[in-house]
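Chain by chain, the residues:
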Amino acid sequence: MPGIRSYGAYVPLFRLSRAEIARAWEARPAPGERAVASYDEDSLTMAVAAARDCLKGVDRASVGGLYFASTTPPYKEKQAAATIASVLDLPVAAATVDFGGSLRCGTNALKAALDAVTAGSAENVLVCAADMRLGYPAGPGEMNFGDGAVALLVGRDDVLAEVKHFDSRYWEIQDTWRSDQDIFVRTAEDRFSMDEGYADVMVHSVAAALEKYGLAAADVAHFAFNAPNVRQVKGVAKKLRFDEQTQVNDVLHASVGDTGCAASLLSLVSALEQSEGGQTILLACYGNGCDTAVLETTDRVVSVPPCQGVRRHIESRRELRNYEQYMRWRQLLPIQPAARPPIEERMPSPAAQWREVPWEMRLTGTRCVHCGTPQYPPQRVCVTCHTKDEMEPYRFTDVPARVFSFSHDYVMETLDTPVTVTFIDFEGGGRVMCDMTDRDVGEVVVGMPVEMSFRRLYYVNGVYNYWWKCQPVRCRPSGTED
Amino acid sequence: MESIKDRVAIVGMGCVKFGENWGQSLDDMIVDAAYEAFEDAGIGPEDIQAAWWGTVFAGHTGQILATPLKLAYIPVTHVENACATGSEAIRNACYAVAAGMYDVVLAVGAEKLKDFGYSGLPQTRPVATWSYRLTTQTPAAGFAMMATGYFAKYGLEYDVGKNLLGQIAVKNHHNGSLNPKAHFQREITLEKAVNAPMIAWPLGLFDCCGVSDGAAAAIITRADLATKFRPDPIYIKAAQICQGPREGWLSQTYDLAHVEETWRGGQAAYAEAGVKDPRKEISIAEVHDCFSITELTIMEDLQFSPRGRVSEDIEAGTFALEGELPVNTDGGLKCFGHPIGATGLRMLYEVYKQLQEKAGPRQVKNPRLGLTHNQGGEPGAATVSVIIAGNELG
């Protein structure tokens, strides 16, 4: 029976406390904090991070599809899934699809992946869901939303959780929306939206699924679902008679927020992390309708390959200095341009970008077959032994590295002054000059261990210029503690 | 392989006041620099048989030079080698004369950076040769990483390293205060230097050269004809350019505490000029202090100080105007800024005046050999020129 073979998650390093948001707007303080994507992250880069987490120990050649779900993709017209598949170095024959349109697009993608695997059109499909929705400044969305991503590898064999049943129902209602001209999420009156939308449909859909498959609430070990805020988490759990402490165990709203289309699947990953074999998990996702799924874990769920998952990402956190930093990162107000050359001068050439996909998007250099020196960018004549054209591809994305030298550039235009630039030396050879992201200026020293992260360098003339940066090693995967 | 030594001589030079020359056009500066050189050599533009024009940002082809000077349908070659462009113009002019093709040639370098409307250099990305992605930092950060690398290699605490860099800035500002052609003619204190706002850590404002407009020019002729123009010509002893293959950006073998191209370019120039003990034989050096850390490492790469021990010479004042080996006597890039194409020629202008003992309050005693060092690119991926000139044959 098809199911989930591997999972990964990504929660950005930065958190903004709801009290700080309230401080900025002189509003009533709310408890907890929300995750904020770094100034150089978006749904695509977060999906890459979650996917890399999920693919640890997985043969990438075995992945036959990549489904990317988001209501906040970087482009209206240009497939994000193709970019992500390319960054992940998936086979070129992998089926790539972008899902969007509602908060249900993450579970829509999961359903499609299960169907593909069941039908035999793919052996394994990687489902990524990511969102970073903007709430109106001073509104509840800004408080309750959070940024994050999740990835699930769906396959037929060796699953850690079987998906036994999957049901869908649609529900036409104008409760939560963004038009093609909107930046911020709009909502109808809250009481109407909840009574006739979210709460009603969620409760009825889950109740119907339980009844259809002969399950009582007590049979469910974990109930994983999305909710716009903590109040609705409690309300739905209560109506369905799930115990909030043991069956719901919501860790996301307090410290991450509502991650849009990724929320129910992040909740599922959190449930899987806490599961033993033979347990039933109920998944539900609302968004212009409701998807429900019944999963049963196998013994493999306790011996998953090391990954960072939800818990470790939540533990690894740094508070934003203040609300103004969030405003600056999300570019919610115009600021004085730097007295530097106009960014238009750095418009990437589409031809060069295309030509350099293999080595730039995948951070793949060459390794000299003759003398063994890894080098980046790829060279035809070896930097060490000068042998010509005896190179093999060498991917640096997951090779441990250390800072060889660095500087903090206070002049360059950026949303996060200063630009920290580094030379990093990879274990086993190879040196790359790259920016460092998600660093505390005071922590950067020569010799510090770093890892690679796929980020946005800048945006110019409608083009997002993505490349790799290094970052301080964020958290060690579970199972590798000293 | 032949040597350029004593085959060509400089018989005239010109240099405008560098600075924010709002009221002057590029053409104005070219005319002023070139006519100062013509008058210095006692010739007119009609005597020039060929010209080399060095600029990075002021436009394409030799027409940019030929037009303001009305050069009369002679060959003009536009050369570009990043920040070493000015020296590249000199070198090519020297080689053409040494080859016997011409007897009297002109080399000019100029740049009008202040018309761009911002600090720093325009960002012209090579379309076909280097990625659009990579990093987003300014050149200052590229050089700052060499400071970090040097401090780490030799175990210098931040305060100690910063103090060394500050002393270089103080020295060059002192020299610039004595030079009416410098952009900045003010002394600074060590305290001011080390506490200045950070540009690219650990480099502060006074560790970085300014952005200026400027132009400089040289008249070059055969060594055997030189005294027909003037009694005190300056003879070229070496003219080297060293290009690195970006090894330092690709390989972990590079220590980021020196510039390999400067080390090798220096060795080649000393061999060409027959210099055995640079510290003793070189009387004055004009080096590429685009950032204070660059001057610091150049002192070791050009063998003025033992490897890793330049701090002793900085503390001892070895490179001060009255020191054992005065460096950047005119104030350097620190006080002249860096109008790219003009810089190498501006350096040679100071060496030329010093060797003729016409450097006024900055004059060093009994100079025999002067050196210019001009560097393009960044540590690990540099283009370096080293030119040596002397006031005597042999």
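Draft legend 1. Structural detail: the overall build of chain A. If you tally the helices and strands in chain A, you get 14 helices and 22 strands. Taken over C-alpha atoms, the radius of gyration comes to 23 Å for chain A, in line with the 23 Å a tight globule of 482 residues would show. In terms of principal-axis extent, the alpha carbons of chain A reach across some 70 × 55 × 45 Å. Out of the 482 residues belonging to chain A, those deemed buried represent 48%.

Draft legend 2. Main features of the sheet that holds strand S6 (residues 124-131) of chain A. Residues and elements named next belong to chain A. Ordered by their spatial adjacency, nine strands build an open sheet running S5-S4-S6-S7-S1-S8-S13-S12-S11, and the pairing between neighbours is mixed. In the strand order of this sheet, the two ends are held by strand S5 (95-99) and strand S11 (222-225), each with one partner. Ignoring strand direction, the axes of neighbouring strands in this sheet form an average angle of 20°. When strand S4 (residues 65-69) meets S6, the two strands line up parallel, connected through five bridges. Looking across to S6, one finds that Tyr67 is bridged to Val127. Running at roughly 40° to strand S13 (residues 289-297), helix H6 (residues 190-212) makes contact with strand S8 (161-170), S11, strand S12 (280-286) and S13 of the sheet. Sitting on the sheet, helix H10 (residues 263-273) is in contact with strand S1 (3-10), S6, strand S7 (148-155), S8, S11 and S12, with an inclination near 155° to S11.

Draft legend 3. Region of interest: unusual backbone geometry. Residue and element names in this part refer to chain A. Residue Pro377 follows Tyr376 across a cis peptide bond; omega there is -5°. Here the amide bond leading from Thr417 into Pro418 is cis, since omega sits at -5°, within 30 degrees of zero. Assignment of secondary structure puts Pro418 in the loop between strand S18 (401-409) and strand S19 (419-426). The backbone of Asp89 shows a phi angle near 60°, a positive value even though the residue is not glycine. Considering the arrangement of structural elements, one finds Asp89 in the loop between helix H3 (80-87) and S5.

Draft legend 4. Geometry of the interface of chain B and chain A. At the interface, 33 residues of chain B touch 40 residues of chain A. At the level of elements, helix H4 (139-153), strand S5 (198-200) and helix H8 (247-250) of chain B are the ones that each hand at least two residues to the side of chain B that touches chain A. Broken down by class, the residue content of the side of chain B that touches chain A amounts to 17 nonpolar, 13 polar and three charged.

Draft legend 5. Quick look at helix H3 (residues 85-98) of chain B. Residues and elements named next belong to chain B. Look at H3: 20 Å from first C-alpha to last across 14 residues, which is about the 20 Å you get at 1.5 Å a residue. Of all 14 residues in H3, twelve are buried, a share of seventy percent or more. For H3, the complete set of buried residues consists of Thr85, Gly86, Ser87, Glu88, Ala89, Ile90, Arg91, Asn92, Ala93, Cys94, Val97 and Ala98. Gly100 sits one or two positions beyond H3 and adopts a positive phi of about 85°.

Draft legend 6. Geometry of the nonpolar core. Judged by nonpolar contacts, the single largest core of 272 residues is most densely connected at Ala50, Ile84, Val127 and Cys128 of chain A together with Ala33, Ala107 and Val108 of chain B. No other element matches the ten residues that H4 of chain B contributes to this core. The residues touching Val127 of chain A, leaving out its near neighbours within four places in the chain, are Tyr67, Ala109, Leu110, Ala113, Ala151, Leu152 and Val154 of chain A.

Draft legend 7. Up close: the environment of Arg264 of chain B. Mapped onto the fold, Arg264 of chain B is located in helix H9 (residues 260-273). Note: C-alpha distance between Arg264 of chain B and Gln243 of chain B (21 residues apart in sequence) is 9.5 Å.

Draft legend 8. Structural detail: the sheet that holds strand S15 (residues 364-368) of chain A. Residue and element names in this part refer to chain A. A sheet is described by the order of its strands in space; here three strands give the open sequence S16-S15-S17, paired in antiparallel fashion. This sheet does not close on itself; its edge strands, each paired only once, are strand S16 (374-375) and strand S17 (391-395). The pairing of S15 with S17 spans five bridges and is antiparallel. Across the sheet, residue Thr366 finds its bridge partner in S17, namely Pro393.

Draft legend 9. How the structure looks around the packing of H6 of chain A against helix H7 (residues 230-239) of chain A. Residue and element names in this part refer to chain A. In contact at an axis separation of 9 Å, H6 and H7 are set at 50° when each is read in the N-to-C sense. By the angle between their axes, H6 is oblique relative to H7. Judged by the sense of rotation from one axis to the other, the crossing of H6 with H7 is right-handed. Two secondary-structure elements touch here, H6 through Met194, Tyr198, Ala199, Met202 and Val203 and H7 through Gln232, Gly235, Val236 and Lys239.

Draft legend 10. Up close: the domain arrangement of chain B. All names here are of chain B. Its domain assignment divides chain B into domain 1 (8-113 + 213-233) and domain 2 (139-208 + 236-390). When each unit is reduced to the centre of its C-alpha atoms, the spacing between domain 1 and domain 2 is 24 Å. At the interface, 37 residues of domain 1 touch 32 residues of domain 2. For the side of domain 1 that touches domain 2, the secondary structure elements donating two or more residues are strand S1 (8-15), H3, strand S4 (104-112) and strand S7 (213-222). Examining the composition of the side of domain 1 that touches domain 2, we find that eight residues originate from one element, H3, more than from any other. Its residues assigned to classes, the side of domain 1 that touches domain 2 shows 22 nonpolar, nine polar and six charged.

Draft legend 11. Inspection of the domain arrangement of chain A at higher detail. Residue and element names in this part refer to chain A. You can read the domains of chain A as domain 1 (3-329) and domain 2 (343-472). For domain 1 and domain 2, the distance between their C-alpha centres works out to 31 Å. On the side of domain 2, 14 residues touch domain 1, which itself brings 15 residues to the contact. Only helix H2 (43-54), H3 and helix H12 (323-329) provide two or more residues apiece to the side of domain 1 that touches domain 2. Here the element with the most residues in the side of domain 1 that touches domain 2 is H2; it accounts for three residues. Looking at side-chain class alone, the side of domain 1 that touches domain 2 contains seven nonpolar, three polar and five charged residues.

So, how was this worked out
- Residues numbered from 1 in each chain as written.
- Chains lettered and ligands numbered in written order.
- Predicted model: local features only at pLDDT ≥ 70, side-chain atom pairs only at ≥ 80, totals over all residues.
- Helix = DSSP H or I, 4+ residues; strand = E, 2+ residues; numbered from the N terminus.
- Rg over C-alpha atoms; globule rule 2.2 N^0.38 Å.
- Buried ≥ 20, exposed ≤ 12 C-beta atoms within 10 Å, placed from the backbone.
- Pairing = 2+ DSSP bridges.
- Axes fitted to C-alpha atoms, helices over the stretch in contact; angles between N-to-C directions.
- Contact = placed C-beta atoms within 7 Å.
- Nonpolar A, V, L, I, M, F, W, Y, C, P; charged D, E, K, R; others polar.
- Expected span 1.5 Å × (residues − 1).
- Core = buried A, V, L, I, M, F, W, Y, C linked by C-beta atoms within 7 Å.
- Parallel < 35°, antiparallel > 145°, perpendicular 65-115°, else oblique.
- Left-handed = near helix turned anticlockwise from the far one by under 90°.
- Domains from an automatic or database assignment.

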